[in-house]
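Given next are the chains, with one letter for each unit.
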Amino acid sequence: MSSEPHTLDNRSVAQAAWRGTLCKCPHCGEGKLFRAYLKVTDYCGACGEQLNLHRADDFPPYIAIMIVGHLLVAVMLHMEMIWHVNPLTYLYTMIPLAVVLPLLMLPSIKGAIVGFQWANRMHGFDPAQREQKA
């Protein structure tokens, strides 16, 4: 495997991650990244890029839980400092938010991670590695 960078296609990490956040193909930004809620499509419908080579695994839920946890704890601390809040208020508001918010964030976070992996040619996204295996 050569250490020379590939010059055929310039893969911007920021652009690929942003396209992934929008749940679009990190290569062209046109095709859909997901065929279902969190199932990455095998190939982009617009440009034909193979997208099922990612290894996002448990990283997207970890990121979503960390973001939501920090937000909810900050809100709870702020509410306690400003008002005297009944503990049932937390039960009725924070628990549903702690369940719903990560589920809403997961597709965008997973898309960003897939875009990041694609831009950095991680795992099977490096065309040179695919040619060597064939």
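Scroll up to find the structure.
This section reports on the structure supplied with the text. (Residues numbered from 1 in each chain as written. Predicted model: local features only at pLDDT ≥ 70, side-chain atom pairs only at ≥ 80, totals over all residues. Heavy atoms only, no water.)

### Quick word on the overall build of the chain
Part 1 of the reasoning: The number of helices and strands found in the chain is 4 helices and 0 strands.
Part 2 of the reasoning: When the helices and strands of the chain are read in sequence order from the N terminus, they spell out α-α-α-α.
Part 3 of the reasoning: Sequence-distant contacts in the chain: of pairs separated by 6 or more residues, those separated by 24 or more amount to 57%.
Part 4 of the reasoning: Total accessible area on the chain stands at roughly 8700 Å², and carbon and sulfur atoms take up 64% of it. (Helix = DSSP H or I, 4+ residues; strand = E, 2+ residues; numbered from the N terminus. Contact = heavy atoms within 4.5 Å. Areas by Shrake-Rupley, 256 points an atom, 1.4 Å probe, with all protein chains shown as cover.)

### Examining the packing of helix α1 (residues 13-21) against helix α3 (residues 87-119)
Part 1 of the reasoning: Where α1 meets α3, the axes come as close as 6 Å, and the angle between the chain directions of the two elements is 150°. Considered as vectors, α1 and α3 are oriented roughly antiparallel to each other. Regarding α1 and α3, the two cross each other, and that crossing is right-handed. Along the contact surface, α1 presents Val13, Ala16, Ala17, Gly20 and Thr21, while α3 presents Pro107, Ser108, Gly111, Ala112, Gly115, Phe116, Trp118 and Ala119. (Axes fitted to C-alpha atoms, helices over the stretch in contact; angles between N-to-C directions. Parallel < 35°, antiparallel > 145°, perpendicular 65-115°, else oblique. Left-handed = near helix turned anticlockwise from the far one by under 90°.)

### Things to note about the environment of asparagine 52
Part 1 of the reasoning: Structurally, asparagine 52 can be placed in the loop between α1 and α2 (59-82).
Part 2 of the reasoning: When its relative accessible area of 30% is taken as the criterion, asparagine 52 is described as partly exposed.
Part 3 of the reasoning: With residues near it in sequence (within four places) discarded, asparagine 52 still touches Thr41 and Asp42.
Part 4 of the reasoning: For asparagine 52, the side chain forms a polar contact with the side chain of aspartate 42, separated by 3.3 Å.
Part 5 of the reasoning: Only 3.0 Å separates the side chain of asparagine 52 from the side chain of glutamine 50, close enough to count as a polar contact. (Buried < 20%, exposed > 50% of the residue type's maximum accessible area, 1.4 Å probe, protein only. Polar contact = N/O pair within 3.5 Å; in protein donor to acceptor, adjacent residues only side chain to side chain.)

### With respect to the nonpolar core
One broad trend across soluble globular proteins is that nonpolar side chains are buried collectively.
Part 1 of the reasoning: Core analysis: the biggest nonpolar cluster contains 12 residues, these being Ala16, Cys25, Leu33, Phe34, Val40, Cys44, Leu51, Leu53, Val114, Trp118, Ala119 and Phe125.
Part 2 of the reasoning: Of the residues forming this core, the biggest block, 3 residues, is contributed by α3.
Part 3 of the reasoning: In this structure, Leu72, Met79, Tyr90 and Met94 belong to the second largest nonpolar core, which totals 6 residues. (Core = buried A, V, L, I, M, F, W, Y, C linked by side-chain atoms within 4.5 Å.)

### A look at the side chain of threonine 41
Part 1 of the reasoning: Within the secondary structure layout, threonine 41 lies in the loop between α1 and α2.
Part 2 of the reasoning: Taking the relative accessible area as the measure of exposure, threonine 41 reaches 14% and is therefore buried.
Part 3 of the reasoning: Side-chain polar atoms of threonine 41 contact the backbone oxygen of tyrosine 43, separated by 3.3 Å.

### Side note on the pattern of salt bridges
Part 1 of the reasoning: Considering all chains together, one arrives at 1 salt bridge under this definition.
Part 2 of the reasoning: In this structure, arginine 35 and aspartate 42 form a salt bridge, with 3.6 Å as the shortest nitrogen-oxygen distance.
Part 3 of the reasoning: By relative accessible area, which is 36% here, aspartate 42 ends up partly exposed. (Salt bridge = Lys/Arg side-chain N within 4 Å of Asp/Glu carboxyl O.)

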